[in-house]
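Reading the structure
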Amino acid sequence: MNVLYFAWVRERIGLPVEDVTTSAATVADLVEELRGREERYAAAFADTSALRVALDQELAEFDAPLAGVREVAFFPPMTGG
Amino acid sequence: MIRVQAMPFDAGGELNRFAAEVDGAGAVVSFTGVVRDVAGGLEAMEIEHYPAMTEKALGAIRAQAVQRWDLADALVIHRFGRLEPGEGIMMVATAARHRRDAFEAAEFLMDYLKSRAPFWKKEITRDGAAWVASKADDEAALGRW
């Protein structure tokens, strides 16, 4: 699946998008997997209460299942307007 | 109508066009958000967004407003990219038969745009760059709807 990062999450990880092959069942499982990769991922995902997630462009919760999802995006709370 | 663009917009011209195109509206309300200066002197504001999600999210917010209030039409324009102090960031306009619907729907649109549309602001000052943090007040503002 495509995993996208925005704002400081993108800066901390150092890339805007990557293709991730995973068998993670939920968003939280995917986060755990990414955290274990490298320090920059661990830093970006240190506090998930400071993050939001969207599945196929719809806001979701961290316990949401990933089955059938093609695009996951992680970002800080939005600051539009 | 929803527009997401890098280009500046002319708030007055947009409002006049919007008002001219709605029929039977006795009330037109608009709000324009402008890049303001910050302590330390703002050089620019950079707005990042999530293109695939932005129009979807804005469309859903607009649809909710149109469903909830008796609106003739609603316009949302939001910019992204690099903006200078004094430039317009975004605008909303609502048209309704009566002013209460137009005012309330415009405030609803603003509150939801702040916390539910995928935009992130970064302030560039002489001292460096910093992402604007979301405010608890902005999230709390959604509670009144």
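Please read all numbers here as calculations on a predicted model, not as lab measurements.

In this structure, A:D56 is a non-glycine residue whose phi angle is positive, near 45 degrees. Locating A:D56 in the fold gives a position in the loop between β3 (52–55) and β4 (58–60).

Turning to its location among the elements, B:D101 is positioned in helix α3 (residues 99–116). Lacking a salt bridge, the buried B:D101 has B:R100 as its closest oppositely charged neighbour, with an N-O distance of 7.6 Å.

Here the focus is the pairing of strand β5 (residues 71–75) of chain A. Residues and elements named next belong to chain A. Along β5, five of the five residues are buried, which leaves the element largely enclosed by surrounding structure. What you see with β5 is no split at all: E71, A73 and F75 on one side and V72 and F74 on the other are buried throughout. Taken together, the four bridges between strand β1 (residues 2–5) and β5 define a ladder with parallel strand orientation. Paired with Y5 across the strands is F74, a residue of β5.

Attention now moves to the interface of chain B and chain A. Across the contact, 24 residues belong to chain B and 21 residues belong to chain A. Across the chain B/chain A interface, buried area totals approximately 1,900 Å², and carbon plus sulfur atoms make up 57% of it. Interface area lost by chain B to chain A is led by B:Y50, B:W120 and B:W131, which between them contribute 34%. Across the contact surface, chain B and chain A share two salt bridges. Notably, a salt bridge pairs B:E48 with A:R10, separated by 2.5 Å at the nearest N-O pair. Applying the counting criterion to the chain B and chain A interface returns 14 residue pairs in polar contact (both at pLDDT 80 or more). Of all elements in the fold, only β3 (42–49), α2 (51–68), β6 (88–96), α3 and β7 (119–125) of chain B reach the threshold of two or more residues within the side of chain B that touches chain A. The leading source of residues in the side of chain B that touches chain A is α3(B), at five residues. Broken down by class, the residue content of the side of chain B that touches chain A amounts to 14 nonpolar, four polar and six charged.

Once that is clear, we can look at the nonpolar core. Core analysis: the largest hydrophobic core is formed by 34 residues, its most contacted members being A:Y5, A:V27, A:L30, A:F45, A:F74, A:F75 and B:Y50. Elements with a minimum of two residues in this core: β1, α1 (7–13), α2 (27–35), α3 (39–44), β3 and β5 of chain A. Excluding anything up to four places from it in sequence, A:F45 contacts A:Y5, A:I13, A:V31, A:L34, A:R35, A:L51 and A:F74. Of all hydrophobic cores here, the second largest spans 32 residues; its members include B:A27, B:L109, B:L113 and B:F119.

Take the packing of aromatic side chains next. Taken as a whole and judged by the stated rule, the model has 13 aromatic pairs over all chains. Seen in terms of ring centroids, A:F6 and B:W120 are 5.1 Å apart; in terms of plane orientation they differ by 15 degrees. Their pairing is stacked. In this pair, A:F6 is assigned in the loop between β1 and α1 and B:W120 in strand β7, connecting two distinct chains. Residue class for B:W120 comes out buried when judged on its relative accessible area of 1%. Between B:F108 and B:W145, the ring centres sit 5.7 Å apart and the planes meet at 85 degrees, which makes this aromatic pair edge-to-face.

Residues and elements named next belong to chain A. Within α2, the full set of buried residues consists of V27, L30, V31 and L34. Projection of α2 onto a plane perpendicular to its axis shows the buried side chains occupying an angular sector of 100 degrees, all on one side. In the core, the buried residues of α2 are packed alongside β1, α3, β3 and β5.

Glancing now at the pattern of salt bridges. Residues and elements named next belong to chain A. Under the counting rule described, the total for this entry stands at 13 salt bridges over all chains. Across the pair R37 and E18 runs a salt bridge whose closest N-O atoms are separated by 3.1 Å. You can see R37 sitting in the loop between α2 and α3 and its partner E18 sitting in strand β2 (residues 17–19), a full 19 residues away along the chain. Classification of R37 as partly exposed rests on a relative accessible area of 38%. Among the salt bridges present, the one from E32 reaches R35, with a minimum N-O distance of 2.7 Å. Note that E32 and R35 are positioned in helix α2 at a spacing of three residues, about one turn of the helix.

The rules behind these values
- Residues numbered from 1 in each chain as written.
- Chains lettered and ligands numbered in written order.
- Predicted model: local features only at pLDDT ≥ 70, side-chain atom pairs only at ≥ 80, totals over all residues.
- Heavy atoms only, no water.
- Helix = DSSP H or I, 4+ residues; strand = E, 2+ residues; numbered from the N terminus.
- Buried < 20%, exposed > 50% of the residue type's maximum accessible area, 1.4 Å probe, protein only.
- Lys, Arg positive; Asp, Glu negative; His and termini not counted.
- Salt bridge = Lys/Arg side-chain N within 4 Å of Asp/Glu carboxyl O.
- Pairing = 2+ DSSP bridges.
- Contact = heavy atoms within 4.5 Å.
- Buried area = accessible area lost by both parts, 1.4 Å probe.
- Polar contact = N/O pair within 3.5 Å; in protein donor to acceptor, adjacent residues only side chain to side chain.
- Nonpolar A, V, L, I, M, F, W, Y, C, P; charged D, E, K, R; others polar.
- Core = buried A, V, L, I, M, F, W, Y, C linked by side-chain atoms within 4.5 Å.
- Phe/Tyr/Trp six-rings, centres within 6.5 Å; stacked < 30°, edge-to-face > 60°.
- Arc of directions from axis to C-beta.

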